[in-house]
Amino acid sequence: MFDLLGMEQTRAAALQIETLGKAEANMSEIQVVFPLLKKDIHQVVSELKKDFNI
C-alpha cells in the first residue's frame, strides 16, 4: 500500500461518507462525519502550503 502522507484517517472518513451515500443512509450520519473530514483536509492543505512555501 502507498503512504498517504499521514492522511489515513482522512481517507477512512471519505470512504465512510461514500459508503453511507451509496447506502442512502440517513443524512444525519453523513453530517456527523463530514465536518471531521473537512477539518482534516484543511489541516493537510495548510501543512502542505507551509512545507512548500506556497
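Residues numbered from 1 in each chain as written. Predicted model: local features only at pLDDT ≥ 70, side-chain atom pairs only at ≥ 80, totals over all residues. Heavy atoms only, no water.

### Structural notes on helix 1 (residues 8-22)
Think of an α-helix as turning once every 3.6 residues; residues three or four places apart then point the same way.
Stage number 1. End to end, helix 1 covers 21 Å across 15 residues, agreeing with the expected 21 Å (1.5 Å per residue, within 8%).
Stage number 2. At the C-terminal side of helix 1, E24 shows a positive phi close to 50°. (Helix = DSSP H or I, 4+ residues; strand = E, 2+ residues; numbered from the N terminus. Expected span 1.5 Å × (residues − 1).)

### Some thoughts on the nonpolar core
Stage number 1. Judged by nonpolar contacts, A13, I17, L20, I30, V33 and L37 together constitute the single largest core of 6 residues.
Stage number 2. Where this core is concerned, the elements lending two or more residues are helix 1 and helix 2 (27-51).
Stage number 3. Not counting residues up to four positions away in its chain, the partners in contact with I30 are I17, L20 and G21. (Core = buried A, V, L, I, M, F, W, Y, C linked by side-chain atoms within 4.5 Å. Buried < 20%, exposed > 50% of the residue type's maximum accessible area, 1.4 Å probe, protein only. Contact = heavy atoms within 4.5 Å.)

### Details of the side chain of T10
Stage number 1. Mapped onto the elements, T10 comes out in helix 1.
Stage number 2. The class for T10 is buried, based on a relative accessible area of 7%.
Stage number 3. A polar contact is formed between the side chain of T10 and the side chain of D40, at a distance of 3.4 Å.
Stage number 4. Excluding anything up to four places from it in sequence, T10 contacts L37, D40 and I41. (Polar contact = N/O pair within 3.5 Å; in protein donor to acceptor, adjacent residues only side chain to side chain.)

### Brief notes about the environment of I17
Stage number 1. Within the element layout of this structure, I17 appears in helix 1.
Stage number 2. A residue is classified by how much of its surface remains accessible, and I17, at 17% relative accessible area, is buried.
Stage number 3. Residues I17 and Q43, spaced 26 residues apart in sequence, show a C-alpha to C-alpha distance of 19 Å.
Stage number 4. Excluding anything up to four places from it in sequence, I17 contacts I30, V33, F34 and L37.

### Observations concerning the packing of helix 1 against helix 2
Stage number 1. Put simply, helix 1 and helix 2 touch, their axes get as near as 9 Å, and they point 150° apart. Between helix 1 and helix 2, the interaxial angle falls into the category roughly antiparallel. Crossing geometry of helix 1 relative to helix 2 is assigned as left-handed. Here Q9, T10, A13, A14, Q16, I17, L20 and G21 of helix 1 come into contact with helix 2, specifically with E29, I30, V33, F34, L37, D40 and I41.
Stage number 2. A breakdown of the residues in the contact of helix 1 with helix 2 according to their chemical character gives 9 nonpolar, 4 polar and 2 charged. (Axes fitted to C-alpha atoms, helices over the stretch in contact; angles between N-to-C directions. Parallel < 35°, antiparallel > 145°, perpendicular 65-115°, else oblique. Left-handed = near helix turned anticlockwise from the far one by under 90°. Nonpolar A, V, L, I, M, F, W, Y, C, P; charged D, E, K, R; others polar.)

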